[in-house]
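Chain by chain, the residues run as shown.
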Amino acid sequence: MNHKTYYRQPATQWTHACPIGNGHLGGMIFGGVNEERIALNHDEIWSGYPKDCTMPGAADIFAQVRDLALAGDLVAANELAYQFAGERCAAYLPLGDLHLHITGSGDVSNYTRGLCLQTATAFVQYTQGGVDYRREYFASHPDNLIAVKLTASAPFDCDISLTSPLKIRQDGLTWYGECPGEFPEGGDYVFNGKGIHFTAGVQIVKQTPTEIVLLFGCETSFNGYDQMPNKAIKALNLQGDYDVLLARHVADYQDLYDRVQFELDVPVPDMPTDERLENHEENNDDPALAVLLYNFGRYLAIAGSRPGSQPMNLQGVWNDNPAPPWRSNYTTNINTQMNHWPMLPAAMPELTEPLVTMMKELAVTGARCAEVHYDAPGFCAHHNQDLWRQATPAPGHPQWNFFPLCGAWLARQLWENYRYHEDLDFLRETVYPIIKEAARFILHMLVEHEGKLIFPAATSPENRFIVDGAHIAVAKSSACADAIAQDMFEILDKCCALLHINDDFTQAIRAALPKLEPHKIGSKGQLLEWDAEYPEVEPTHRHLSHLYGLHPAQMITLDDTPELAAACRRTLELRGDEGTGWSLGWKIGFWARLREGDRAADLLNMQMRPVDTPNRNVGEWRGGTCTNLFGTHPPFQIDGNFGLVAGIHEMLLQCKEDGTLLLLPALPKCWPNGSIKGLAAPGNRRVDMTWHDGKLVDQRIY
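What comes next is a walk through the structure. (Residues numbered from 1 in each chain as written. Predicted model: local features only at pLDDT ≥ 70, side-chain atom pairs only at ≥ 80, totals over all residues. Heavy atoms only, no water.)

1. Let's talk about the overall build of the protein chain
Applied cut-off: Secondary structure elements follow DSSP: runs of H or I of four or more residues count as helices, runs of E of two or more count as strands, with numbering from the N terminus. The quantity called the radius of gyration is restricted to C-alpha atoms. Its globule counterpart is 2.2 Å times the number of residues to the power 0.38. By definition in these notes, contact holds between two residues if any of their heavy atoms fall within 4.5 Å. Surface accessibility in these figures is a Shrake-Rupley result with a 1.4 Å probe; residues are shielded only by whichever protein chains are displayed. Positive charges come from Lys and Arg alone, negative charges from Asp and Glu alone, with His and the N- and C-terminal ends not counted. Charge positions are represented by NZ for Lys, CZ for Arg, CG for Asp and CD for Glu.
The helix and strand inventory of the protein chain stands at 16 helices and 28 strands. Taking 702 residues into account, the globule formula puts the C-alpha radius of gyration at 27 Å, and the protein chain, at 25 Å, falls close to it. With respect to the three principal axes, the spread of C-alpha positions in the protein chain is 85 × 65 × 50 Å. The long-range fraction of contacts in the protein chain, counting pairs at least 24 apart against all pairs at least 6 apart in sequence, stands at 68%. Element-wise, carbon and sulfur atoms account for 48% of the exposed surface of the protein chain, whose accessible area totals about 24300 Å². Averaging the coordinates of the 56 positive side-chain charges in the protein chain and doing the same for the 87 negative ones gives two points 2 Å apart.

2. Quick look at the packing of aromatic side chains
In plain terms, the rule: Centres within 6.5 Å are what make two rings of Phe, Tyr or Trp a pair, Trp counting through its six-membered ring; a difference in plane orientation under 30 degrees is then read as stacked, over 60 as edge-to-face, and the rest as tilted. Residue burial is assigned from relative accessible area. The probe radius is 1.4 Å, only protein chains are included, and a residue is buried under 20% of its type maximum, exposed over 50%, and partly exposed in between.
In total, this model carries 33 aromatic pairs according to the counting rule given. Note on W46 and Y92: the rings are 5.5 Å apart at their centroids and 50° apart in plane angle, and the pair reads as tilted. With W46 in the loop between β4 (35-42) and α1 (58-70) and Y92 in the loop between α2 (74-81) and β5 (96-102), the pair connects residues that are 46 residues apart, well separated along the chain. Overall, W46 belongs to the buried group, its relative accessible area being 0%. Owing to a relative accessible area of 1%, Y92 belongs among the buried residues under this scheme. Ring plane angle 90° and centroid distance 5.3 Å describe the contact between W409 and Y548, whose orientation is recorded as edge-to-face.

3. A short note on helix α9 (residues 406-421)
Rules: A helix is expected to span 1.5 Å multiplied by its residue count minus one.
Counted at 1.5 Å a residue, the expected span for α9 with its 16 residues is 22 Å, and the 24 Å between its end C-alpha atoms agrees. The buried count for α9 comes to 15 of 16 residues, which makes it a mostly enclosed element. Phi turns positive, to about 50°, at E422, one or two residues after α9.

4. Quick word on the sheet that holds strand β10 (residues 158-163)
Condition: When DSSP finds two or more bridges between a pair of strands, those strands are recorded as paired. To get an axis, fit a line to the C-alpha atoms, keeping to the stretch in contact for a helix; angles then go from 0 to 180 degrees between the N-to-C directions.
Pairing is antiparallel in the open sheet, where 5 strands are placed in the order β2-β3-β4-β5-β10. Edge positions in the sheet fall to β2 (18-21) and β10, since each has one partner strand and no second. Averaged over all pairs of adjacent strands, the angle between their axes in this sheet comes to 20°, without regard to strand direction. Where strand β3 (residues 25-29) and β4 come together, 5 bridges link them in antiparallel fashion. Looking at β4, one finds that L25 is bridged to H42.

5. Things to note about the sheet that holds strand β26 (residues 674-681)
One open sheet holds the 4 strands; their spatial order is β15-β26-β27-β28, and the pairing between them is antiparallel. A strand with exactly one partner marks an edge of an open sheet, and here the two such strands are β15 (261-264) and β28 (695-701). Adjacent strand axes in the sheet meet at a mean angle of 20°, parallel and antiparallel pairs treated alike. In the sheet, strand β27 (residues 685-692) pairs with β28 via 6 bridges, with the strands oriented antiparallel. Within β28, the position partnered with D688 by the bridge is R700.

6. Overview of the packing of α1 against helix α7 (residues 353-374)
How we decide: Three classes are used: nonpolar for Ala, Val, Leu, Ile, Met, Phe, Trp, Tyr, Cys and Pro, charged for Asp, Glu, Lys and Arg, and polar for all others, with Gly counted as polar.
It is at 5 Å that the axes of α1 and α7 come closest, and there the two elements cross at 65°. The residues of α7 that touch α1, namely those facing A58, A59 and F62, are V372, H373 and Y374. When its residues are assigned to classes, the contact of α1 with α7 shows 5 nonpolar, 1 polar and no charged.

Shown next, in the form of structure tokens:
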């Protein structure tokens, strides 16, 4: 039961439905009896079009904010920072709902629906009026379509319709649509002809009295992040035998999914997934539930990110809300990064290709942003991006939008790609050029302050502190900003050593490294978040940006910097365990890096709490897991799922910067016996491990 979800009733809301996807297409299967709803998405259905969102005069505003902050007038600096903002990002939008109206009458019995994680197929089966019905669904990556097979033990009929919040024209079972060119905050869609156009449709490829096979596909006019959408759209190609399509889909999927096998030698209850979540919260007696969530997270990664697709946004590839929370964009002050943390350890490097492509594009738009907003070379990006790779700050509070180091934070993932596979061509052609431009921006921005180089007028996403009764985000400097600066410089230094580069810029970076502001420890033994020990507005804030050096970076470790590691531990204690879904996932990783497996398991259990709220309740930030196993912020955000998977990886295997592997560094007592096979490690290595009574009994590193 650790490769399957199932339920005894149809989904009554979107976060009960079963997700399928192939990177481009996403579907949510509700499993109704006579009325089936499949909520549909396509990764290129966004509002907007490419445009220059930079703000003339922004560099002057930043210079004033910087000077005010360095002079100690943080209240004035914070107020002025509100003016340092451009346009909102575009929004990721739902394609629409495919409705199947299925004949049948009488009482319903033996109802089951669910998702097989080993084959990436969803299913619904039931008996109605003495007739047995079954439906199967999958989203094929090789054939770029969604297939639905309906069968019954007696003749039946099925009517098909599509509803959409977008502008559509229907011609039979084909729909021609348009995305809004503008999406004002709090306003209606503006269809001005500049947005993305699309064609979506259903083809009935088999129809007998007792069996119907439908194929759904969608093509868009998206023409690249820097090109106006085409008016011409590639024709739909919906054909093929169901069994052949299914076999090709399963083979493609299993090539990725079967690379890692994680097992715990504990009883696995045979009960519906929603009941299993509730039972574990009440009795804490189902440690194998973590294995199911681990496998589900890997499933979501394969379903949501493939070569040639867009990277996964806040909701992966799934969204049913015409006005999605946070526009369902890329939030890059932790969330987009977390979406990609599990892929390399889970031996699925192909799935990071969309992010690599986005980084190449963001380096272009980010160079324009650095020039206009900071009068600086190199490239930078702020906390929101979209399909059009907007790099400029969005409007709103400085606690989230006044942070230009998100591009550098994203660039760390490129370095991790190299560490895992040691491809020198990839390092030379992709990693080094982007890291270099991120470092070039940082070097230009640094200023000397009290004998050290700091990144000035910095925030700590997304926290605030108190000065003279005011809630402030902008400080003289922040631990997060200074740590990212150090991280980028150290990575660049390693790149140059590997590529035998020793030019003037490399020497300038190496000269600056020892002058950077180090981490500092506060009066409570905690790691300082800003340049001084300010009272916090929200001491239990969900973000822990100042612990960047502990995770994802390795500038703070138990072995090499024990005092700073102890300060991180104290910070986690003061901040508390409670948090949103992704925050809980990040905390699992922190405690695992501190090699405290039982504390990591406590956070894991919190993240597996059943949370059945489709929308965030004001003032409530309780993370957990929805009925369909989606992680919730709340509302649903997919980063919680991936933070959980990444946290489990950290509990079982870590790799130090020098390549040393730590086997079972944070194994909790509740996992006494188990095994994992195929786990990937830097240096192009794979690891198999078996443990018994909490001790490693067998290992293979190859």
